[in-house]
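Here are the chains, one letter per residue:
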Amino acid sequence: MTTTGAPLSPVRAVGTGHVRVEGRDKVTGAARYAGEVPFPELAHGWLVLSTVARGRILDVETDAVLAMPGVLAVLDHRNAPPLKTDYIGLLGTVPDPTCALFQSDQVPHRGWPVALVVAETSEQAREAAESLVVRYEQVPHDIGFTEDHADAHPSDGHMPAVTDKGDLEAELAASAVRVDAVYTTPEEHHHPMEPHAATARWEDGRLEVVDSNQGATWVVGELANLFALDPASVRVRSEHVGGGFGSKGVRAHQVAAVMASRTVGRPVRVVLTRRQMFTLAGHRSPTVQRVRLGADPDGRLRALDHRSLSRTSTVYEFVEPSAGVARVMYDADAHHTENRVVPLDVPSPTWMRAPGEAPGSFALEAALDELAHACGVDPIELRLRNEPDRGPVSGLPFAGRNLRACFAEGARRFGWDRRDPRPGLRREGRWLIGTGTAAASFGAGAAPSTAAITAEADGRFTVRIAAADIGTGARTALTLVAADALDVPPERVRVRLGDSAFGFAMIAGGSMGTRSWSWAVMAAAAELRERLVPGAALPPEGVTVRSDTTAAVSALAQKERHSYGAQFAEVAVDPATGEVRVRRMLGVFAAGRIVNPLTARGQFTGGMIWGISMALHEEAARDTASGGPVGADLAGYHVATHADIPRVEAHWVEDDDPDDPVGIKGIGEIGIVGAAAAVANAVWHATGVRHRGLPIRPDRVLAGGPDA
């Protein structure tokens, strides 16, 4: 036995740049993702998806398929085990019926799972699945997303559908300057680099799932509920995840793998193809947003009205709460926001990076830009004149609101003072040049989590937490947080995560992961340090303590807690071809204590790049005849590539909350908020034409007009 050793003090890991602790494993291939973990006697499942957009299944002709080489089973609504769906999950919602696999003969949208073929190899499963004949009774479908759809209605989602104060129409009528415009965003898809994959194995009544997800204990809870299992009998592991962005919760492929493994008595792996992900992994709904602003001549708001319509499926109501961003950003004497949905015969939308804030900030920040021009006020100055003292809707005090500092630093770095506010004047050869800006905010929440730290006999410390590193560098960040909390170098800390056996932990979502997990790690480290006696020998098994932050999180004072940012973009527009090029982009953020500047900058710029892609490229289309996606691959669904991305810079300002024991805020989503608006505002400045619909394609630039 050895002693814990003397700490090297002072140790300052947080705030200094560190390469990813698992980086070498990833670049050498030693890190295994969910679809690569070996299992003995592994079988493979392949989902069969409906080819009609609405109707019911008349027959599944399985005999010929079951006779094909290697085929072990075919599951469909006639032989699948019953699932429990009358429960409320971790996120406070009922499960999407897409996860309640094969429970009826009804088909609510094209791409609905209708069968699963299980075979010895993936190739055999795919060939058999493509040979399976499914006969349908088809009925007319409706995918028409329009603002005046008869079935549109207000819906709460994860926030109240409507907020209202003051006399909106009276304040609008009394306003010297008014903006009334409709902004649209299209259907968008996540598509992380690593496809969705899950392997299930039953052994002695216990279920083990190796999965790619954003929260192992989240998946345990959903699977235990669906299959009526004791959660203690379910273990989910997800050590390495190649991106998630909100899509990697509980999906049909995990349920299919669990069903199939129980049926064939062997481990079964189900991996979604890129094309299947367009219907089974969720998406961001299109939006139609009307923003009405009324202001005094100096730009101070008297009325703010932000109403958003999004689309959901007929089987599960998910709201893209785009109007929610106005509830935090700006106040007015009369303030109204409203989120509505319309159910259509399409797959269920889901959480997607900055849900609500990404499309909502485009509409709101473009409208603020229109108001600034109408008032003859600088766009930054107009935003600062409308800085609220308290939450515009909640009335709660802000736990720090450093948006002003973000704009000051961003304007200095970007050279905003050299900007001529008049549009369409600056030209370089064939290019029209313009600059634009937008504000950003995203909530800084925290959720209860548990963590365990063991002081090992060899002088090292092992942290165990069911966190999910979905590519954000969470494993490295937690290593640095633990090192500082234990007052030891990072080299003496190893972090194990992605395993539900480690106890409950917050999911990697809502930009709450690192904040929530760090709180639990810091609490465990504090208790462990109290228990350790300097110089005393440790037992061979070490000394372990476990924390639970439930009480501490609940005791945190109720305030408006957010990250903030100021986005700046410079674009070049070719009026002859309609081509738009972003030449440079800058974001300055107030996002609490930055744990690892190296990976943090990657998170910020990654979000900004997504915002560029949102502004200029991304747009999923649906065929009205079939109800299915058009070009369901990464050739047909355009995203920004390396050639599309200019110099992107991210910086941050000091952002302290003295009442917050952690001081860390989320940074995974703030980078995309406001980014598309900054680009769109820059296109207006370059051309004098306002584009209120995304993406700003070359044909739309050529078409011109105020509503291009």
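What counts and how
Residues numbered from 1 in each chain as written. Predicted model: local features only at pLDDT ≥ 70, side-chain atom pairs only at ≥ 80, totals over all residues. Heavy atoms only, no water. Helix = DSSP H or I, 4+ residues; strand = E, 2+ residues; numbered from the N terminus. Rg over C-alpha atoms; globule rule 2.2 N^0.38 Å. Buried < 20%, exposed > 50% of the residue type's maximum accessible area, 1.4 Å probe, protein only. Contact = heavy atoms within 4.5 Å. Lys, Arg positive; Asp, Glu negative; His and termini not counted. Charge placed at Lys NZ, Arg CZ, Asp CG, Glu CD. Salt bridge = Lys/Arg side-chain N within 4 Å of Asp/Glu carboxyl O. Axes fitted to C-alpha atoms, helices over the stretch in contact; angles between N-to-C directions. Left-handed = near helix turned anticlockwise from the far one by under 90°. Nonpolar A, V, L, I, M, F, W, Y, C, P; charged D, E, K, R; others polar. 1 Å grid on protein atoms, 1.4 Å probe; cavity = no way out; pocket = protein on both sides within 12 Å on 5 of 7 lines; lining within 4 Å. Points joined across faces, edges and corners; volume = space filled by probe spheres on them. Pairing = 2+ DSSP bridges. Right-handed = clockwise from strand over helix to strand, strands pointing away. Parallel < 35°, antiparallel > 145°, perpendicular 65-115°, else oblique. Arc of directions from axis to C-beta. Expected span 1.5 Å × (residues − 1). Phe/Tyr/Trp six-rings, centres within 6.5 Å; stacked < 30°, edge-to-face > 60°. Lys NZ or Arg CZ within 6 Å of the ring centre and 35° of its normal. Polar contact = N/O pair within 3.5 Å; in protein donor to acceptor, adjacent residues only side chain to side chain.

A word on the overall build of the chain. Assigned secondary structure in the chain consists of 17 helices and 27 strands. At 26 Å, the chain has a C-alpha radius of gyration in line with the 27 Å of a compact globule built from 708 residues. Principal-axis analysis of the C-alpha atoms places the extent of the chain at approximately 75 × 75 × 50 Å. The burial tally for the chain puts 61% of its 708 residues in the buried class. Looking at the chain alone, contacts between residues at least 24 apart form 82% of all its contacts between residues at least 6 apart. Between the mean site of the 72 positive side-chain charges and the mean site of the 87 negative ones, the chain shows a separation of 4 Å.

This part is about the side chain of Arg251. Within the element layout of this structure, Arg251 appears in the loop between strand S12 (234-237) and helix H6 (252-264). Buried charge without a salt bridge: Arg251, with Asp96 as the nearest opposite-charge side chain at an N-O distance of 4.7 Å. Sequence-distant contacts of Arg251, that is, excluding residues within four places in its chain, are made with Cys99, His196, Gly246, Leu280, Ala281, Gly282 and Thr350.

Across all of its chains, the model carries 56 salt bridges by this definition. Here Arg292 makes a salt bridge to Asp305, at a shortest N to O gap of 3.0 Å. Of this pair, Arg292 sits in strand S14 (residues 287-295) while Asp305 sits in strand S15 (residues 301-313); the two residues are 13 residues apart in sequence, bridging distant segments of the chain. On the basis of relative accessible area, Arg292 is assigned to the buried category, the value being 11%.

Packing of helix H9 (residues 357-375) against helix H16 (residues 675-687) brings their axes to within 8 Å, and their N-to-C directions diverge by 35 degrees. Here H9 and H16 pass one another in a crossing that is right-handed. From H9, Ser361, Phe362, Glu365, Ala366, Asp369 and His373 reach across to H16, where they touch Ala676, Ala677, Ala680, Asn681 and Trp684. Taken together, the residues that form the contact of H9 with H16 break down as 6 nonpolar, 3 polar and 2 charged.

To continue, consider empty space enclosed by the protein. By rolling a water-sized probe across the atoms, one finds the places where empty space is left. With the rule as written, the count across this model stands at 3 cavities of 30 Å³ or more. Considered as a void within the structure, the largest cavity measures approximately 270 Å³ in volume. The residue makeup of the lining of the largest cavity, split by class, is 11 nonpolar, 5 polar and 3 charged. Looking at the second largest cavity, it is lined by 13 residues, and the ones nearest its centre are Asp96, Thr98, Arg251, Thr279 and Leu280. Counted by class, the lining of the second largest cavity contains 6 nonpolar, 5 polar and 2 charged residues.

All right, on to the pairing of strand S11 (residues 206-211) then. Most of S11 sits inside the fold, with 5 of its 6 residues counted as buried. In this sheet, S11 lies alongside strand S10 (residues 197-203) in antiparallel orientation, the contact comprising 6 bridges. Its bridge partner lying in S11, Trp202 is registered against Leu207. The antiparallel hairpin formed by S10 and S11 contains 2 residues in its connecting segment, where Asp204 sits at a positive phi of about 55 degrees. Relative to S12, S11 runs parallel, the two sharing 4 bridges. Bridging across to S12, Val210 finds its partner in Arg237. Regarding topology, helix H5 (residues 216-226) serves as the crossover connection from S11 to the parallel S12, and that connection is right-handed.

Another point: the packing of helix H12 (residues 474-486) against helix H13 (residues 513-531). The description of two helices packed together rests on the angle between their axes and the distance between the axes. Where H12 meets H13, the axes come as close as 9 Å, and the angle between the chain directions of the two elements is 30 degrees. Compared by their axis directions, H12 and H13 come out roughly parallel. Relative to H13, the crossing made by H12 is right-handed. The residues of H13 that touch H12, namely those facing Ala474, Ala477, Leu478, Val481, Ala482, Ala485 and Leu486, are Thr514, Trp517, Ser518, Val521, Met522, Ala525, Leu528 and Arg529.

Our focus in this paragraph is the sheet that holds strand S20 (residues 461-464). An order of S21-S20-S19-S22 is seen for the 4 strands of this open sheet, with the pairing classed as mixed. Single-partner strands in this sheet number two, and they are strand S21 (493-496) and strand S22 (543-548). Taking the axes of each pair of neighbouring strands and ignoring which way they run, one obtains an average angle of 20 degrees across the sheet. Two elements, strand S19 (residues 450-455) and S22, share 6 bridges in a ladder whose sense is antiparallel.

Listed in full, the buried residues belonging to helix H3 (residues 122-131) are Ala125, Ala128 and Ala129. Axial view of H3: buried residues confined to an arc of 100 degrees, hence all on one face. Away from its buried face by more than 90 degrees, H3 exposes Glu123 and Glu130. Close packing links the buried residues of H3 with strand S1 (43-49), helix H2 (63-66), strand S3 (71-75) and strand S5 (113-119).

When the terminal C-alpha atoms of H13 are compared, their 27 Å separation across 19 residues agrees well with the 27 Å that a helix rising 1.5 Å per residue should span. For H13, the set of buried residues is Gly513, Arg515, Ser516, Trp517, Ser518, Trp519, Ala520, Val521, Ala524, Ala525 and Leu528. On the buried face of H13, the contacting elements are S19, S20, H12, S22 and helix H14 (550-555).

Here the second largest pocket is characterised by a volume of approximately 500 Å³. Lining of the second largest pocket is provided by 20 residues; of these, Leu49, Ser50, Thr51, Arg275 and Gln276 occupy positions nearest its centre. When contributions to the lining of the second largest pocket are tallied by element, the ones reaching two or more residues are S1, H3, strand S6 (133-138) and helix H7 (274-280). With 4 residues, the single largest contributor to the lining of the second largest pocket is S1. Here the residues of the lining of the second largest pocket sort into 10 nonpolar, 6 polar and 4 charged.

In this section: the packing of aromatic side chains. Across all of its chains, the model carries 10 aromatic pairs by this definition. Measuring from centroid to centroid gives 5.7 Å for Trp416 and Phe568, while their planes differ by 70 degrees, and the two rings are edge-to-face. Here Trp416 is found in the loop between helix H11 (403-414) and strand S17 (427-428), whereas its partner Phe568 is found in strand S23 (residues 562-573), with 152 residues between them in sequence. Exposure class is identical for Trp416 and Phe568. Each is buried. Feature note: the residues Phe407, Phe414, Trp416 and Phe568 constitute an aromatic cluster, connected by ring pairs. Positioned above the aromatic ring of Phe414, the side-chain terminus of Arg584 is 3.9 Å from the ring centre.

This part takes up the environment of Gln289. Along the chain, Gln289 turns up in strand S14. Along the backbone, Gln289 and Phe362 are 73 residues apart, and their C-alpha atoms lie at a distance of 9.7 Å. Ignoring anything within four residues of it in the chain, the contact list for Gln289 reads Ala181, Val182, Tyr183, His306, Arg307, Ser308, Ser322, Pro359, Gly360 and Ala363. At 3.1 Å, the side chain of Gln289 forms a polar contact with the side chain of Thr287.

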